[in-house]
Amino acid sequence: MNLHTESEPQLTANMQVAESQENVILLDNVGVRYRIASEQVGTFKEYLIRRFQGQIKLGDFWALRHINLSISKGEVLGLIGPNGAGKSTMLKLIARVMRPTSGRVLVKGMVAPLIEFGAGFHPDLTGRENIFLNGALLGFTNDEMQEKFDRIVEFAELWEFIDVPVRNYSSGMAARLGFAVATDIDPDILILDEILSVGDESFQRKSLARMKGFRHLGATIILVSHNAETILEMCQRVVWLEHGQIKMIGASKEVVEAYQASQEPTHEPTQ
Ligand SMILES: Nc1ncnc2c1ncn2[C@@H]1O[C@H](COP(=O)(O)OP(=O)(O)OP(=O)(O)O)[C@@H](O)[C@H]1O
Ligand SMILES: [Mg+2]
């Protein structure tokens, strides 16, 4: 047996681990509490009056609780779980859109969040204006955005609609523009909340290819998707959230399979 060649891959693997261990995102015992009214009220005015009179009680609802997670540079992390599990809430924390009620969130680098369709876009402004506005918000000059502009519109395939207000876009069109901007500005961290699923098939293929290129460049990507195939194709590690807590975390295949098994319908007894 040749010990020399045996030990070499080992060394390389260790070096890769050491290299990839720079944490860029840290969630330390994080909790998010929403306060929700216990009853339905017609108008906002009515709500204020009744709230003032003490007739409306606010209930506490923990959308996330005891979340501990660190994500390293260059990692592509999948986030899965049923509706209402807390996935988007977790992404909002990482995007610095909201702050945790308890615990700490540390994020290093520029984040391009694609959390809600068209989020970050002003509905009254045209696609063109929104591209420049988005760029400005992320710290780019007009000249820098001008240089990117054609490429962004080309990728989003929105030349025909670029001077139309974004409010008249379909959700797929808004998602395409969002994705094209976010991936052209070369962020350190890219957050994608179900964004790939609203594009049509050809756009989904194109987006996946671009994300793979992005992954090669060492960007950190967090991907929420209800599509198991996309998660398995893109992610090394997956977090399964359920009722605001991490139910399982590990290699993509294991976690996705365990989640899918839990989702299988239980047969109701026939009467
Ligand atoms: N602004 C808010 N006020 C009150 N409750 C909220 C608010 N936003 C979210 N929630 C609640 O927090 C929980 C988690 O919501 P979240 O949007 O993070 O779920 P999700 O995992 O992204 O679900 P989905 O798969 O449907 O997108 C849900 O029960 C939701 O009703
Ligand atoms: Mg969500």
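Residues numbered from 1 in each chain as written. Chains lettered and ligands numbered in written order. Predicted model: local features only at pLDDT ≥ 70, side-chain atom pairs only at ≥ 80, totals over all residues.

**Student:** For helix H3 (residues 87-94), give the residues involved together with the corresponding values.
**Tutor:** Think of an α-helix as 3.6 residues a turn; residues three or four steps apart then line up on the same face. Across the eight residues that make up H3, a large majority, seven, are buried. Those residues of H3 that fall on the buried side of the exposure criterion are Lys87, Thr89, Met90, Leu91, Lys92, Leu93 and Ile94. Two residues or fewer past H3, Arg96 is found with a positive phi of approximately 65°. (Buried ≥ 20, exposed ≤ 12 C-beta atoms within 10 Å, placed from the backbone. Helix = DSSP H or I, 4+ residues; strand = E, 2+ residues; numbered from the N terminus.)

**Student:** Kindly report on the pairing of strand E7 (residues 220-224), identifying the contributing residues and their values.
**Tutor:** Burial within E7 is extensive, with five of its five residues counted as buried. Covered by surrounding structure in E7 are Thr220, Ile222 and Val224 together with Ile221 and Leu223, the residues of both alternating faces. Pairing of strand E3 (residues 76-80) with E7 involves four bridges; the strand directions are parallel. Note that in E7 the partner of Val76 across the bridge is Ile221. Two strands pair when backbone bridges link them, and strand E6 (residues 189-193) and E7 are joined in this way by five bridges, in the parallel orientation. Counted as the bridge partner of Ile189 is Thr220 from E7. (Pairing = 2+ DSSP bridges.)

**Student:** A description of the site of ligand 1 should follow, citing residues and the corresponding values.
**Tutor:** Taken together, Tyr34, Ile36, Phe61, Ala63, Gly81, Asn83, Gly84, Ala85, Gly86, Lys87, Ser88 and Thr89 make up all the residues around ligand 1. Those elements giving two or more residues to the shell around ligand 1 turn out to be strand E1 (23-37), strand E2 (58-72) and H3. Residue contributions to the shell around ligand 1 peak at three residues, all from H3. (Near = placed C-beta within 6 Å.)

**Student:** With reference to specific residues and values, describe the sheet that holds strand E4 (residues 102-107).
**Tutor:** Reading across from one edge, E2-E1-E4 is the order of the three strands in this open sheet, with antiparallel pairing throughout. Each edge of the open sheet carries a strand with a single partner, namely E2 and E4. Adjacent strand axes in the sheet meet at a mean angle of 25°, parallel and antiparallel pairs treated alike. The sheet contact formed by E1 and E4 spans five bridges and is antiparallel. From the neighbouring strand, Gly31 faces E4, where its bridge partner is Ser102. (Axes fitted to C-alpha atoms, helices over the stretch in contact; angles between N-to-C directions.)

**Student:** For the packing of helix H5 (residues 142-156) against helix H6 (residues 171-184), give the residues involved together with the corresponding values.
**Tutor:** Look at H5 against H6: their axes get within 8 Å of each other, and the N-to-C directions meet at 140°. If you check the angle between H5 and H6, you find them oblique. H5 and H6 meet at a crossing whose hand is right-handed. Across the interface between the two elements, Lys148, Arg151, Ile152, Phe155 and Ala156 of H5 pack against Arg176, Leu177, Ala180, Val181 and Asp184 of H6. (Parallel < 35°, antiparallel > 145°, perpendicular 65-115°, else oblique. Left-handed = near helix turned anticlockwise from the far one by under 90°. Contact = placed C-beta atoms within 7 Å.)

From the geometry alone we can't say anything about function, so treat these as descriptive.
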